[in-house]
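Residues per chain are reported as follows:
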Amino acid sequence: MINTNELLNYDYFRLFGLAAEYEVDGLRVQQRYRELQKEFHPDNYVMASESDNTLALQLSGYINQAFDTLTNPLLRAIYLLKHYGVEVDLVHDTTFPAEFLLEQIELRERIGDAENTADFEELEEIESQLKGRIQALAIEIAELFMVKEYAKIREPLKKLAFYSKLSQLVDGILANL
């Protein structure tokens, strides 16, 4: 019998043997992910009881969700803020400075123009700029977590969400060219 009930009550950081901090060791996360999947992958429990098989499926899904969260700066920040009792609503909290909104409009126009003309180089340039902004925001967020300024994380987090969404859009376009 696997003790998944206890593991399912672990927060993602504890499950992966990490301190509950924004900065994580990506290699350690990947290593621990492989260890957990090796031990609890549902294929290992095909011949086990139905309840053990079901528990292995649940734990495998939980491990995957934890891995996705810990390896994504946006998801990790949201999860960690919840851990500290700070709720973030990226769907409804959409107030931004005018300058940022204008930049978003310009970026979307550039992306649309580059997509319409199949300008691979322009899309790669945009992707590079987005990754730079994402990295800068991740650093800013990490610094705010370090000084425990949780309420101040909301604004850069909202920007990170926008840039991440645009980055995914550009990745999708590039994949289809």
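Computed from a predicted model, the values in this text were never measured in an experiment.

Conventions adopted
- Residues numbered from 1 in each chain as written.
- Predicted model: local features only at pLDDT ≥ 70, side-chain atom pairs only at ≥ 80, totals over all residues.
- Heavy atoms only, no water.
- Helix = DSSP H or I, 4+ residues; strand = E, 2+ residues; numbered from the N terminus.
- Buried < 20%, exposed > 50% of the residue type's maximum accessible area, 1.4 Å probe, protein only.
- Contact = heavy atoms within 4.5 Å.
- Areas by Shrake-Rupley, 256 points an atom, 1.4 Å probe, with all protein chains shown as cover.
- Lys, Arg positive; Asp, Glu negative; His and termini not counted.
- Charge placed at Lys NZ, Arg CZ, Asp CG, Glu CD.
- Phe/Tyr/Trp six-rings, centres within 6.5 Å; stacked < 30°, edge-to-face > 60°.
- Lys NZ or Arg CZ within 6 Å of the ring centre and 35° of its normal.
- Core = buried A, V, L, I, M, F, W, Y, C linked by side-chain atoms within 4.5 Å.
- Salt bridge = Lys/Arg side-chain N within 4 Å of Asp/Glu carboxyl O.
- Expected span 1.5 Å × (residues − 1).
- Patch = residues over 30% accessible without salt bridge, like charges linked within 9 Å, V, L, I, M, F, W, Y side chains within 5 Å.
- pLDDT = per-residue confidence, 0-100.
- Arc of directions from axis to C-beta.

Novice: Just to check I follow, could you spell out the overall build of the protein chain for this structure?
Specialist: When you go through the protein chain residue by residue, the secondary structure sums to eight helices and zero strands. Considering only C-alpha atoms, the protein chain reaches an extent of 55 × 40 × 30 Å along its principal axes. For the protein chain, the proportion of its 177 residues judged to be buried stands at 38%. Of the contacts made within the protein chain by residues no fewer than 6 positions apart, 68% connect residues no fewer than 24 positions apart. Counting only carbon and sulfur atoms, one obtains 51% of the accessible surface of the protein chain, whose full area is about 10,500 Å². Looking at charge distribution, the protein chain has the averaged site of its 17 positive side-chain charges lying 5 Å from that of its 31 negative ones.

Novice: What is the right way to look at the packing of aromatic side chains in this model?
Specialist: Both the distance between ring centres and the angle between the ring planes are used here to describe each pair of aromatic rings. The full count for this structure, using the stated rule, is 11 aromatic pairs. Ring geometry for Phe 96 against Phe 162: centres 4.8 Å apart, planes inclined by 90°, an arrangement best described as edge-to-face. With Phe 96 in the loop between helix H5 (73-83) and helix H6 (98-116) and Phe 162 in helix H8 (residues 154-176), this residue pair connects regions lying 66 residues apart in the sequence. Three or more aromatic residues link up through ring pairs in this structure, and these residues are Tyr 12, Phe 13, Tyr 62 and Tyr 79. Of note, Lys 158 hangs over the ring of Phe 96, and the distance from its end group to the ring centre comes to 4.9 Å.

Novice: Please explain the nonpolar core as it appears in this structure.
Specialist: Soluble globular proteins tend to pack their nonpolar side chains together in the buried interior. Counting 52 residues, the largest nonpolar core has Leu 15, Phe 16, Tyr 22, Phe 145 and Leu 157 as its most contacted members. Going through the elements one at a time, helix H2 (12-15), helix H3 (26-40), helix H4 (50-70), H5, H6, helix H7 (120-146) and H8 are the ones with two or more residues in this core. In terms of residues, this core owes the most to one element, H7, which gives 10 residues. Sequence-distant contacts of Leu 157, defined by excluding residues within four places in its chain, comprise Leu 74, Ala 77, Ile 78, Leu 81, Val 88, Leu 90 and Ile 141.

Novice: Please explain the pattern of salt bridges as it appears in this structure.
Specialist: For side chains of opposite charge, pairing can occur when their charged atoms come near one another. For the coordinates displayed, the defined rule picks out seven salt bridges. A salt bridge links Lys 131 to Glu 127; its shortest N-O distance comes to 2.8 Å. One end of the pair is Lys 131 and the other is Glu 127, both in helix H7 and four residues apart, which spans about a single turn. Salt-bridge contacts for Glu 149 lead to Lys 152; the nearest nitrogen and oxygen are separated by 3.9 Å. Given the relative accessible area of 32%, Glu 149 is considered partly exposed.

Novice: I tried to follow H8 on my own but got confused; where do I start?
Specialist: Since the α-helix turns once every 3.6 residues, residues separated by three or four places project in the same direction. End to end, H8 covers 33 Å across 23 residues, agreeing with the expected 33 Å (1.5 Å per residue, within 8%). Those residues of H8 that sit buried are Pro 156, Leu 157, Lys 158, Leu 160, Ala 161, Tyr 163, Ser 164, Leu 166, Ser 167, Val 170, Ile 173 and Leu 174.

Novice: Looking at this model, I keep getting lost on a negative patch on the surface. Mind explaining?
Specialist: The grouping of Glu 21, Glu 23, Glu 140 and Glu 143 at the surface amounts to a negative patch. By secondary structure assignment, the location of Glu 23 is in the loop between H2 and H3.

Novice: Looking at this structure, how should I read the confidence of the model for the protein chain?
Specialist: The predicted coordinates should not be examined in detail at positions where pLDDT is low. For the protein chain, mean pLDDT is 92; residues scoring 70 or higher make up 98% of the total. Mean pLDDT across the elements of the protein chain bottoms out in helix H1 (residues 4-8) (78) and peaks in H7 (97).

Novice: I would appreciate a short explanation of H6 in the present structure.
Specialist: Between its terminal C-alpha atoms H6 stretches 27 Å, which fits the 27 Å expected from 19 residues at 1.5 Å a residue. Within the span of H6, buried status applies to Phe 100, Gln 104, Leu 107, Ile 111 and Ala 114. Projected down its long axis, H6 shows its buried positions confined to an angular sector of 100°, all on one face. Away from its buried face, by an angle of more than 90 degrees, H6 presents the exposed residues Ala 98, Glu 99, Leu 102, Asp 113 and Asn 116.

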